[in-house]
Amino acid sequence: MPPTLASLLHHSALHLTLRAGEGTPLDVPVRWAHVSELPDPVPYMEGGELLLTTALKVDAEDPAEAGDYVRRLAAAGVVGLGFGVGVNYEKVPEALVTAAAEHGLPLLEVPRSTPFLAISKAVSAAIAADQYRAVTAGFAAQRELTRRALGDGPEGVLAALAAQVDGWAALYDAAGAVVAVAPDWAERRAARLTPDVQRLRDRQSPATAVIAGQRNPDEGAERPGAAGDGPGQEERPRDGDHEQARDTGEDRVELHTLGTGRRPRSALAVGTAAPLGTAERYAVHSAIALLTLTTERSRSLHEAEQRIGAAVLHMLLSGEAQHARTVAGDLYGGLLDAPFRVVVAEYRGEELATALEAAAAWAGEPVLVVPEEEQGRLVALAADGGAALAACAEQAAALEGAAERGGPTAAVGVSAPAGPTSVASAYKQAVQALAVARRRGRVLVEHEHLAAGSVLPLLADDAVRAFAEGQLRALRDHDATGRGDLVASLRAWLSRHGQWDAAAADLGVHRHTLRYRMRRVEEILGRSLDDPDVRMELWLALKATGNGNGNGHGHGTGPSRGAGRRPADAGDS
């Protein structure tokens, strides 16, 4: 404990007597004992001092002057006034006692037999002893944290740290998700800090934020034995980028980024009911160092796992499923034992990889994530219906919102469920879905949705439209001269599957007129309508240019089964 007015009054060698301030707290820490005979020593005060004086230059018997003197000291944060008697005054002047009582400043009488130096030494010795205890406690905490780190990993460090600070501690991954928390009752509080962790993650490491406030009364039962929390005085937790404290309605929380790189790999949160003391600060710094070492070690292991994952993926794509399973071992073997999907993503690969891996780790499921740096893409194998795929969908939904607001966009393609022997096919499906997502301006497209939907939306591509315009340009040029309506006739004939009577009736012309027009179409295009490929291309060209069925996006009848019949086979009786 640091020295206080109460401890000095009880010091047997000082013989101090309290003359004013019986109703004021005497357990306020004394930062230093300072001697001054100046009539206004306030410019030389920092606050928290016990000021010692004999009032050589102050008329302590004048109520006005004594009152002004005491008022300035109280306003400056002086915690007490020690008045030496037997030098300038034989006893403490009543005017000074009255002024001290009015302003709530404890007034201590110092007998002539007690030199001011003795009080200064007593304060200094008490401060040194308190610092020694703090350092000793800090070293003990460091040993305990190290022991728990070696035996129990990050979870052990958090548990020991929470006990040392009499609060709670939580570890977050790079995405801001809670990895571990101690004690268990703080899990909800830690989860609510995810936005703060994400905001801190975007700043250059090392970075720190202090979130100060009072605990929500509705959560009183959440922390056993917790008394009322107060904001207290904030101090700079450690070197680095520091964010201004703000009121969250909860305990005072410190957030620290972890990692040695420019971008943090994880973060530590420490929640307490009051600002940390010296011993607690040592414990927090030790935890930061240990968790940083753990994080960097985990990073190296992660990179090694990623290299194994790249080898497994390469084998699967090469059709060597059995060799891939052997290399995967326990690391990825469980993923290959059940249906999985292939995910191919462009943009924000790091965030998506972090989200997939964090969700899989939280759910206890394997996931294989491999960056394709040359293509600027990310490839992942994730369990079908698992937490990793759900996290991928959540990320896509968030990015869809950013794209609508004019923010950065992404493209993600997801294959149909696959197994180890069909990874190459699934990879192609994911790449195709990625291309469709990019073309449509979507963030995520699943290959199954393409197979279940219509091919017509794919015709919206500019290249397809240009091809379609080229297919029909000669017919349009002919119609523009007013020498017939070949485009409309072609559309009607194809939509009726080559049935002359039905198509002619739709156009309101004789069937022989329609036959003549179809011969002109063949002459102008230089292609035979007997060829089903030609009929298919012309029908798709009509749909792509909006001439197939109104706006080009309708479904129409189309040349399905009838498209394969020759015009002469359609019958014209």
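Residues numbered from 1 in each chain as written. Predicted model: local features only at pLDDT ≥ 70, side-chain atom pairs only at ≥ 80, totals over all residues. Heavy atoms only, no water.

(A) Structural context of the nonpolar core. The biggest cluster of nonpolar side chains holds 24 residues, and the ones touching the most others in it are Leu316, Val342, Leu368 and Leu381. Counting only elements with at least two residues in this core, the list comes to α7 (278-317), α8 (321-336), β12 (340-346), β13 (367-372), β14 (377-383) and α11 (423-440). Element by element, the count of residues in this core is highest for α8, at six residues. In this structure Leu368 touches Gly309, Val312, Leu313, Tyr332, Leu335, Val379, Ala380 and Leu381, once residues within four positions along its chain are discounted. Of all hydrophobic cores here, the second largest spans 23 residues; its members include Val58, Val78, Phe83 and Leu96. (Core = buried A, V, L, I, M, F, W, Y, C linked by side-chain atoms within 4.5 Å. Buried < 20%, exposed > 50% of the residue type's maximum accessible area, 1.4 Å probe, protein only. Helix = DSSP H or I, 4+ residues; strand = E, 2+ residues; numbered from the N terminus. Contact = heavy atoms within 4.5 Å.)

(B) Geometry of the packing of helix α14 (residues 486-495) against helix α15 (residues 500-507). α15 packs onto α14 with a crossing angle of 135° between their chain directions and a minimal axis gap of 8 Å. Classified by the angle their axes make, α14 and α15 are oblique. Taken as a pair, α14 and α15 cross one another with a handedness that is right-handed. For the pair α14 and α15, the contacting residues are Ala488, Ser489, Ala492 and Trp493 in the first and Trp500, Ala503 and Leu507 in the second. A per-class count over the contact of α14 with α15 returns six nonpolar, one polar and no charged. (Axes fitted to C-alpha atoms, helices over the stretch in contact; angles between N-to-C directions. Parallel < 35°, antiparallel > 145°, perpendicular 65-115°, else oblique. Left-handed = near helix turned anticlockwise from the far one by under 90°. Nonpolar A, V, L, I, M, F, W, Y, C, P; charged D, E, K, R; others polar.)

(C) A look at the sheet that holds β13. Overall, mixed pairing links the five strands, which are arranged β13-β14-β12-β15-β16 in an open sheet. Looking at strand neighbours, the two that pair on one side only are β13 and β16 (444-446), the edges of this open sheet. Pairs of neighbouring strands in the sheet enclose a mean axial angle of 15°, with direction left out of account. Bridge analysis of β12 against β14 gives seven bridges, and the strand direction is antiparallel. When the bridges of β14 are listed, Arg341 appears paired with Ala382. Set on the sheet, α11 makes contact with β12, β13, β14, β15 (411-414) and β16; between it and β12 the angle comes to about 40°. (Pairing = 2+ DSSP bridges.)

(D) Spotlight on the packing of α14 against helix α17 (residues 532-544). In contact at an axis separation of 10 Å, α14 and α17 are set at 115° when each is read in the N-to-C sense. α17 is crossed by α14, and the crossing has left-handed handedness. Residues Val487, Leu490, Arg491, Trp493, Leu494 and Ser495 of α14 lie in contact with α17, whose contacting residues are Arg535, Leu538, Trp539 and Leu542. Here the residues of the contact of α14 with α17 sort into seven nonpolar, one polar and two charged.

(E) Local environment of the side chain of Arg341. Along the chain, Arg341 falls in strand β12. Under the relative-accessibility criterion, Arg341 is labelled buried at 10%. A polar contact is formed between the side chain of Arg341 and the side chain of Asp384, at a distance of 2.7 Å. Of the polar contacts made by the side chain of Arg341, one reaches the backbone oxygen of Ser415; its length is 3.0 Å. Excluding anything up to four places from it in sequence, Arg341 contacts Ala380, Leu381, Ala382, Asp384, Leu389, Val414, Ser415, Ala416, Pro417, Glu446 and Glu448. (Polar contact = N/O pair within 3.5 Å; in protein donor to acceptor, adjacent residues only side chain to side chain.)

(F) Spatial organisation of the pairing of strand β10 (residues 252-258). In terms of residue burial, β10 counts as a mostly covered element, since seven of its seven residues are buried. Side chains Arg252, Glu254, His256 and Leu258 of β10 all project onto a buried face; the interleaved residues Val253, Leu255 and Thr257 project onto the opposite face, where all are buried too. Two elements, strand β8 (residues 207-211) and β10, share four bridges in a ladder whose sense is antiparallel. Bridge pairing in β10 places Ala209 opposite Leu255. When β10 meets strand β11 (residues 266-272), the two strands line up antiparallel, connected through seven bridges. Across the sheet, His256 pairs through a bridge with Leu268, a residue of β11.

(G) Structural context of the pattern of salt bridges. Applying the stated criterion to the full structure yields 19 salt bridges. Asp68 is the partner of Arg71 in a salt bridge, and the nearest nitrogen-oxygen pair spans 2.3 Å. Of this pair, Arg71 and Asp68 both sit in helix α2 (residues 63-75), separated by three residues, roughly a single helical turn. For Asp68, a relative accessible area of 29% puts it in the partly exposed group. Of the charged contacts in the structure, one is a salt bridge between Glu537 and Arg527, with a shortest N-O distance of 3.0 Å. With Glu537 in helix α17 and Arg527 in the loop between α16 (511-525) and α17, this residue pair connects regions lying 10 residues apart in the sequence. According to the relative accessible area criterion, Glu537 is partly exposed, its value standing at 26%. When salt bridges with common partners are traced through the structure, they connect Asp40, Asp68, Arg71 and Arg72 into a single cluster. (Salt bridge = Lys/Arg side-chain N within 4 Å of Asp/Glu carboxyl O.)

(H) Spatial organisation of the side chain of Thr54. As for its position among the elements, Thr54 is in the loop between β3 (49-53) and α2. Among the polar contacts made by the side chain of Thr54, one reaches the side chain of Glu37 at a distance of 2.7 Å.

(I) Representation of the packing of aromatic side chains within the structure. Under the counting rule described, the total for this entry stands at two aromatic pairs. Pairing Phe83 with Tyr89 gives two aromatic rings, centres 5.9 Å apart and planes at 50°, and the pair type is tilted. With a relative accessible area of 1%, Phe83 lands in the buried category. For Tyr89, a relative accessible area of 11% translates into the label buried. Geometrically, the ring pair formed by Trp493 and Trp500 is tilted, given 5.6 Å between the ring centres and 40° between the ring planes. A relative accessible area of 4% places Trp500 in the buried class. (Phe/Tyr/Trp six-rings, centres within 6.5 Å; stacked < 30°, edge-to-face > 60°.)

(J) Seen up close, the environment of Thr278. With respect to the helices and strands, Thr278 occurs in helix α7. Placed 141 residues apart in sequence, Thr278 and Ala137 show a C-alpha to C-alpha distance of 9.1 Å.

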